[in-house]
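Topology and contacts: notes
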Amino acid sequence: MKNLKLSWELSSNLHLQSPNEVIRCIAFDIEQNRFFFASSANIIYYLHLSSSQNEEMRVSTALVEDVGLDVGDCITSMEYLMEKESLLIGTSSGDLLLYNVDDSAMEVVGRVEGGVKSISPSPDGDLLCIITGIGQMLVMTHDWDLLYETPLEDHIDDADIRDQCLHSERTPGSPATWRGDGKFFATISSLPNSLHKKLKIWERDTGNLHSVSEPKDLMGEFVEWMPSGAKIAVVCDKKITFFEKNGLERSSFTVIEGIDATIENLKWNCNSDLLAAIVRTKTYDSIKIWVFSNNHWYLKQEIRYLKQDGVRFMWDPIKPLTLISWTLEGLIKVYNFIWISSVTDSSVALVVDGSKILVTPLSLSLIPPPMYLFQLQFPCSVRETAFWSKNSKNMLAASLTDGSLSVVELPGLDNWQDLEGEVFRIELCITDDLTPFLHLTWLDSHMLLGVILEPSNNNESSKYCIQELELVCSEDNIPGSVTGSGFDAKVVSKLSIENLVTGLISNPVKKQSAFVQLKGGNIFEYETGFPLHERRNLRFSSFCPWMSVGPIEDLGLPNSDPILMFGLDNDGKLHVNQNVLCSNCSSFSLYSNSASQTVTHLILATKQDLLFVVEIRDIVLGQTDAKYGNFLPVVITRRNAEEGKKFIQIWEKGSKILGVVHGDESAIIIQTIRGNLESIYPRKLVLESIVNALVQGRFRDSLLMVRRHRIDFNIIVDYKGWHDFLKSAKEFVKQVDNLSYITEFVCSLKNENVMETLYKSYLSYTQEENGKELKDSMVLGGESKVNSVLLAVRKALEEQIVESPARELCILTTLARSDPPYLEEALERVKAVREMELSDSNDLDRKRVPSSEESLKHLLWLSESEAVFEAALGLYDLNLAAIVALNSQQDPKEFLPFLEELEVLPILIMRYKIDLKLRRFEKALQHIVAAGDAYFEDCINLIKSNPELFSLALQLITDPTKKKQVLEAWGDQLSNIKCFEDAATTYLCCNNLEKALKSYRSSNNWGGVLTVAGLMKLSREQIMQMAHELCEELQTIGKPSEAAKIAFDYCNDFKNGINLLISAREWEEALRIGLMHGNEDLISDVKIGAVECASSLILEYEEGLEKIGKYLARYLAVRQRRLLLAAKLQSDERSINELDDDAISEASSSFSGMSAYTTGTRKSSAASMSSSSASKRGIRRQKKRGKIRAGSPDEEMALVEHMKGMCLTAGAKRELKSLLGCLVMIGKEDIARKLQRVGENFQLSQISAVKLAEDATSCDIVDEHTPRFLLLLRR
């Protein structure tokens, strides 16, 4: 679905020397881009076509050289030989002349009998094929060595050879045509005494005949081998027939013209995709260009000439879309074509095929070419088209090859389906001038703007002219029909331009305005009644044949344009205004999902067959490089999986973007090289369309898009937050109005925000943009997202939808899909339906709901059968449970005995058994308590097996005796789990003092033990014995201070109590009690213990001070060594960077396990370690965390942690304070002073060392001359 558009046209005149002189031959110099023309007066004209990087051409002044030939001799053939840098000229007398253009030297290199008809060099230039006037074919090298000579025609043995030669002289000949690789060439040969001809294929090296076609009647003289070698084109009557290398006919197509038309001069372009020919009629000659796609030959362009011009042409050997034509009088024209998409901005395909336009609305159906919806038939071939669509009004203008104009008014797209298969004949507009338009666009529904090429009076060059035409229709338009007649076109303004016009496009944001592109990519704005004014902010840096413009939304940027101008040049650079967005673009299109028709996305395909969907916002804000990385391909791995979501890999190489379908369709239409059409629905565009529909409140449209594109249904709920959806649930159900769709939606809900997880990378849209607060929590007010949404939908169904079986099933679905499922409520509804069936209610009520069996099967299909069966049991309805079991295909041998056993039990015991099976222990407790005293033992067993029921049991049981049993059982349970304090309290509640005493003693609560002993009224001896035992137990478990209290209060053992206080280092308390009793022995024991403890602490603090110094010195030395090693590694960074990835990985693994004193190796064997040994070392390191291993990788941090751990604890400070006070009281001030000084020094040293280490950690400066720790000590 592509059309061939004429981009620009240039012309020049050779100014022949004599009036009757005509052009006969042409040759082309590829290296210097020169053309040589030989005239009938044996004069060689040559001109130069200079080409810039922007593919703009200009024709220089022609130079003239006279070739001196004998009288009566003339030039019949001419070719340029690159190896000789000269022209090879063949004459009618048979001379082969080598003419050097630069020094005008002429050299005769050979002579052939019968004259030279044609010269055909091979593609590599090594061989020349010369056909003579007597039908001989000579193949020679460029050094003029003859390889072989053979006759073209088959000779009849009995016929006179001279007669055959005379017949050959009268037969016009055509040059031989070579295959692209030069291994074969083909010629046309006539059959003796017959009008039939045949195609012959010759071998290059030997000259042997490779194959011959069947004789064909009315076969022309012209043959052209496709450069790719696939086909050989030959003219046969009114057809162009294609042959294969083996001489077999492959296919053909008919050239539709008059009876008198003849086809000449077949030529393929260098890419083998375009075939051009000259068709001569009685009234005019034309150059026609065809393309083959989808097994159909499309006539894409026709250029008409006057009959007397005798036009001929050739394709540019290098540029496949440049065609050069010349007339007999020396008028040279250069045509540059471009391929453009036939899909308009309104997603309507207008495929040009000669005088027909094949119309296909791609928004309605993707009809592959060459099929179409309907056809527009014009009086002659279409050259240029322009389409306008707005507000259901569609206008098509077509500039025809004879210079006339036709206008068609089409109905709205909604009525196009009625036009399928129709052929509409379009009449011409009444115009003042017949000049074909080079560019054509609509300004409004009744205004056209076009560019024409007007020749100057002196015929030297042409100038461009912009014409504005006003259209008036004299016929009334019938709604829903095609109007193709009655249009009058009047030129209302003309504007001449001296420069080359390369593009024209209407301005979408301003009426009666358009943009004109001149050479070099300069953009000018055209307004009716005003001269052109340049728009420098929109200009391209180079000529862009493909141009598009789109309105954009206002983003609030200062001095921003309301439009963006896009242009694609021949080098694949995509220009946006003055910037280059992409350097490897192959095609692009603009997409809009906005109600205001502003462009929202740019769709571009790269030369690496990657499809990108770019937001216009990113382009305007300059964020494309950060997001898309210059649109280059990347290798997708697990680490950069998100990069793969930024583009789509096109599965067939060389595919191009034809267009898009805007709005909710979100389709991108591409065409493969084979011609097939494919639709792509990028996830980004689909999601944007769904969100737009949701923002506009179009729930049904959004749901249909979600279903069509298999998007997660949760996006409907999550796009603004599920709590906001609850307010719109009624409107959602009302719009969708399809219970099947709603059921599908309900079944897809999950407690996840897909806007923040699944589709986060596709949508830059956030809830804050809509003024909504983003809430990641799936729970609000104790209710989850799924349950809340389902509840809202269920209520909406009951309010908005008429009661029906489908509605009831949908409601059951909402109950079954809740989390957790509300199966009991669903079964209640099924139970109500079943009761309605059993009660023989009227038919009207029964028709409103499904049958109980259908409802139950639907519920079983949605949920686990076992869960439904348990829910039925939970309703205590054994009949319903039996029905569920039967419908879930359970084995009757398994559930029937159980149900029969339950049926014979009393109602409360039955419910108790069911609750036990369902593990509903609270309900089971309620039922067993209500069953009476006979089941109290079962009640106690239930409580013991489920301790969480004790509190509920105490509330339900009112009998004091039974309540005491429950409390005692609770206390036993607490004792079993070693909660002795709670157990003792529980025993006290039930007045079980013995067990309470035992529990207090187990918890080492000596106060509770002695209190309960008092409550039990034990004797003094028993209490004294118990106190001694408690004192020993507390001393054993390391609580000497509490043991001392028992010794003083209950045992009256002051000696032992003082010793216990000394063990607990309660110096002041021990001294107080000793002085209170006035016992010198006790006071002496306290004094001796205090002095000994002080001496011991002094030694400990001095040793600790020494250790801190060693640890700090070690830490600073290790750190200095590590920093020096790091600096050395940093200096070798350049050499490390030159290693490959594996070597770097091994090196990093080796260094990661080294400390400052480790002698490491860079061999991989030394760095490789098994995972099992590493894990064992990690466990061993955790066990020995308190130790410091010299040379280990974590030695540095271990030293710091160890110094931090040497600080004085709160308990040590409290004991030191008590000891110092005691020493002062007993008169040992000197010892107290020394202890205080040593302790203070130790504490200050420890704090300073830790601070020093922390300061060193934040400083990585290395001084190789002064040790680091000295610098820190100076500080």
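Refer to the structure above for everything that follows.
Residues numbered from 1 in each chain as written. Predicted model: local features only at pLDDT ≥ 70, side-chain atom pairs only at ≥ 80, totals over all residues. Heavy atoms only, no water.

1. Overview of the sheet that holds strand E8 (residues 86–91)
One open sheet accounts for four strands, arranged E7-E8-E9-E10; its pairing is antiparallel. Bordering the open sheet on either side are strand E7 (75–81) and strand E10 (105–111), each of which pairs with just one other strand. This sheet shows a mean twist of 25 degrees between the axes of neighbouring strands, independent of strand direction. When E7 meets E8, the two strands line up antiparallel, connected through six bridges. Opposite leucine 81, over in E8, you have serine 86 as the bridge partner. (Pairing = 2+ DSSP bridges. Helix = DSSP H or I, 4+ residues; strand = E, 2+ residues; numbered from the N terminus. Axes fitted to C-alpha atoms, helices over the stretch in contact; angles between N-to-C directions.)

2. Description of the nonpolar core
Phe35, Phe37, Leu323 and Phe337 are the most contacted members of the largest nonpolar core, which totals 66 residues. Ranked by residue count, the leading element in this core is strand E29 (residues 331–341), at five residues. Once residues within four sequence positions are removed from consideration, phenylalanine 35 is found in contact with Ile26, Ala27, Phe28, Tyr45, Tyr46, Leu47, Leu49, Met314 and Ile324. Grouped together as the second largest cluster of nonpolar side chains are 60 residues, Leu997, Tyr1000, Cys1051 and Leu1199 included. (Core = buried A, V, L, I, M, F, W, Y, C linked by side-chain atoms within 4.5 Å. Buried < 20%, exposed > 50% of the residue type's maximum accessible area, 1.4 Å probe, protein only. Contact = heavy atoms within 4.5 Å.)

3. Topic: the side chain of threonine 441
Relative to the helices and strands, threonine 441 is located in strand E37 (residues 439–444). Not counting the four nearest positions on each side in its chain, threonine 441 is found in contact with Ala386, Leu448, Leu449, Leu504, Ile505 and Ser506.

4. Let's talk about the sheet that holds strand E47 (residues 574–576)
Taken together, the four strands give an open sheet; going across it, the order is E45-E46-E47-E48, and neighbouring strands pair in antiparallel fashion. Looking at strand neighbours, the two that pair on one side only are strand E45 (546–551) and strand E48 (579–582), the edges of this open sheet. Across the sheet, the mean angle separating the axes of adjacent strands is 30 degrees when strand polarity is ignored. Relative to E48, E47 runs antiparallel, the two sharing three bridges. Residue pairing for E48: valine 576 is matched across the bridge by asparagine 579.

5. Some words on empty space enclosed by the protein
The full count for this structure, using the stated rule, is five cavities of 30 Å³ or more. A volume near 100 Å³ is recorded for the second largest cavity. Gly403, Leu405, Thr431, Asp432, Asp433, Thr435, Phe437, Ile452, Gln467, Leu469, Ala489 and Val491 are the residues that line the second largest cavity. Breaking the lining of the second largest cavity down by element, the ones donating at least two residues are strand E39 (462–473) and strand E40 (487–497). Residue composition of the lining of the second largest cavity, grouped by class: six nonpolar, four polar and two charged. (1 Å grid on protein atoms, 1.4 Å probe; cavity = no way out; pocket = protein on both sides within 12 Å on 5 of 7 lines; lining within 4 Å. Points joined across faces, edges and corners; volume = space filled by probe spheres on them. Nonpolar A, V, L, I, M, F, W, Y, C, P; charged D, E, K, R; others polar.)

6. Overview of the packing of helix H34 (residues 1195–1205) against helix H36 (residues 1229–1257)
Two numbers describe how H34 lies on H36: the axes approach to 9 Å, and their chain directions differ by 155 degrees. Comparing the axis directions of H34 and H36 gives the class roughly antiparallel. In this structure, H34 crosses over H36, and the sense of that crossing is left-handed. Contacts from Val1200, Met1203 and Lys1204 in H34 reach Gln1246, Ala1249, Val1250, Ala1253 and Glu1254 in H36. Residues belonging to the contact of H34 with H36 are distributed by class as follows: five nonpolar, one polar and two charged. (Parallel < 35°, antiparallel > 145°, perpendicular 65-115°, else oblique. Left-handed = near helix turned anticlockwise from the far one by under 90°.)

7. Considering the pattern of salt bridges
Under the counting rule described, the total for this entry stands at 45 salt bridges. A salt bridge links aspartate 285 to lysine 307, with the nearest nitrogen and oxygen atoms 3.5 Å apart. Residue aspartate 285 is found in strand E25 (residues 284–293), and its partner lysine 307 is found in the loop between strand E26 (296–306) and strand E27 (312–315); the two are separated by 22 residues along the sequence. Residue class for lysine 307 comes out partly exposed when judged on its relative accessible area of 36%. The residue arginine 535 makes a salt bridge to aspartate 561 at a minimum N-O spacing of 3.4 Å. (Salt bridge = Lys/Arg side-chain N within 4 Å of Asp/Glu carboxyl O.)

8. So, the packing of helix H22 (residues 980–989) against helix H23 (residues 993–1002)
Where H22 contacts H23, the axes come no closer than 8 Å and their chain directions differ by 165 degrees. Our classification of the angle between H22 and H23 gives roughly antiparallel. Of the two elements, H22 crosses H23, and the hand of that crossing is left-handed. Of H23, the residues touching H22 (which contributes Phe980, Glu981, Ala983, Ala984, Thr985, Tyr987 and Leu988) are Leu993, Lys995, Ala996, Ser999, Tyr1000 and Ser1002.

9. Considerations on a negative patch on the surface
Together, Glu31, Glu83, Glu85 and Asp126 make up a region of like negative charge exposed at the surface. Within the fold, aspartate 126 resides in the loop between strand E11 (116–121) and strand E12 (127–132). Overall, the relative accessible area of 34% leaves aspartate 126 in the partly exposed class. (Patch = residues over 30% accessible without salt bridge, like charges linked within 9 Å, V, L, I, M, F, W, Y side chains within 5 Å. Areas by Shrake-Rupley, 256 points an atom, 1.4 Å probe, with all protein chains shown as cover. Lys, Arg positive; Asp, Glu negative; His and termini not counted. Charge placed at Lys NZ, Arg CZ, Asp CG, Glu CD.)

10. Notes on a nonpolar patch on the surface
A grouping of Ile30, Met82 and Ile318 is seen on the molecular surface, where their side chains present a nonpolar patch of about 250 Å² in accessible area. You can see isoleucine 30 is positioned in the loop between strand E2 (23–29) and strand E3 (34–39).

11. A look at the side chain of arginine 204
Mapped onto the elements, arginine 204 comes out in the loop between strand E17 (197–203) and strand E18 (209–212). If we ignore the near neighbours within four places in the chain, the residues touching arginine 204 are Ser122, Asp124, Asp126, Leu127, Tyr148, Trp178, Gly182, Lys183, Phe184 and Phe185.

12. Here we look at the packing of aromatic side chains
Scanning the model with the defined rule gives 28 aromatic pairs in all. Ring geometry for tyrosine 335 against phenylalanine 337: centres 6.4 Å apart, planes inclined by 25 degrees, an arrangement best described as stacked. Each member of the pair, tyrosine 335 as well as phenylalanine 337, is classed as buried. Ring geometry for phenylalanine 374 and phenylalanine 424: centres 5.8 Å apart, planes at 85 degrees, overall edge-to-face. Of this pair, phenylalanine 374 sits in strand E32 (residues 374–377) while phenylalanine 424 sits in strand E36 (residues 423–425), placing them 50 residues apart in sequence. When its relative accessible area of 0% is taken as the criterion, phenylalanine 374 is described as buried. Residue phenylalanine 424 is classed as buried on the basis of its relative accessible area, which comes to 18%. If you follow lysine 300 out to its NZ or CZ, it ends over the ring of tyrosine 298, 4.9 Å from the centre. Of note, lysine 917 hangs over the ring of phenylalanine 898, and the distance from its end group to the ring centre comes to 5.2 Å. (Phe/Tyr/Trp six-rings, centres within 6.5 Å; stacked < 30°, edge-to-face > 60°. Lys NZ or Arg CZ within 6 Å of the ring centre and 35° of its normal.)

13. Quick word on unusual backbone geometry
Proline 370 follows proline 369 through a cis peptide bond whose omega is 5 degrees. Its place among the elements puts proline 370 in the loop between strand E31 (356–361) and E32. Residues aspartate 819 and proline 820 are joined by a peptide bond in cis, for which omega reads 0 degrees. Summarising the element assignment, proline 820 is placed in the loop between helix H10 (805–816) and helix H11 (823–838). One non-glycine residue, asparagine 265, adopts positive backbone phi at about 55 degrees. By secondary structure assignment, the location of asparagine 265 is in strand E23 (residues 262–268). Look at asparagine 265 and you get buried, because its relative accessible area is 9%. Phi is positive for asparagine 577, which is not a glycine, with a value near 55 degrees. Looking at the secondary structure, you find asparagine 577 in the loop between E47 and E48.

14. Description of helix H8 (residues 739–747)
Those residues of H8 lying buried are Leu739, Tyr741, Ile742, Thr743, Phe745 and Val746. On the buried face of H8, the contacting elements are helix H5 (699–709), helix H6 (714–718), helix H7 (722–736), helix H9 (785–800) and H10. The N-capping residue of H8, defined by a side-chain oxygen 3.0 Å from the backbone nitrogen of serine 740, is asparagine 738. (Polar contact = N/O pair within 3.5 Å; in protein donor to acceptor, adjacent residues only side chain to side chain.)

15. Examining the pairing of E10
Relative to E10, strand E9 (residues 95–100) is paired through six bridges, and the arrangement is antiparallel. Across the sheet, the residue bridging to leucine 96 is glycine 110, located in E10. The antiparallel hairpin formed by E9 and E10 contains four residues in its connecting segment, where serine 104 sits at a positive phi of about 60 degrees.

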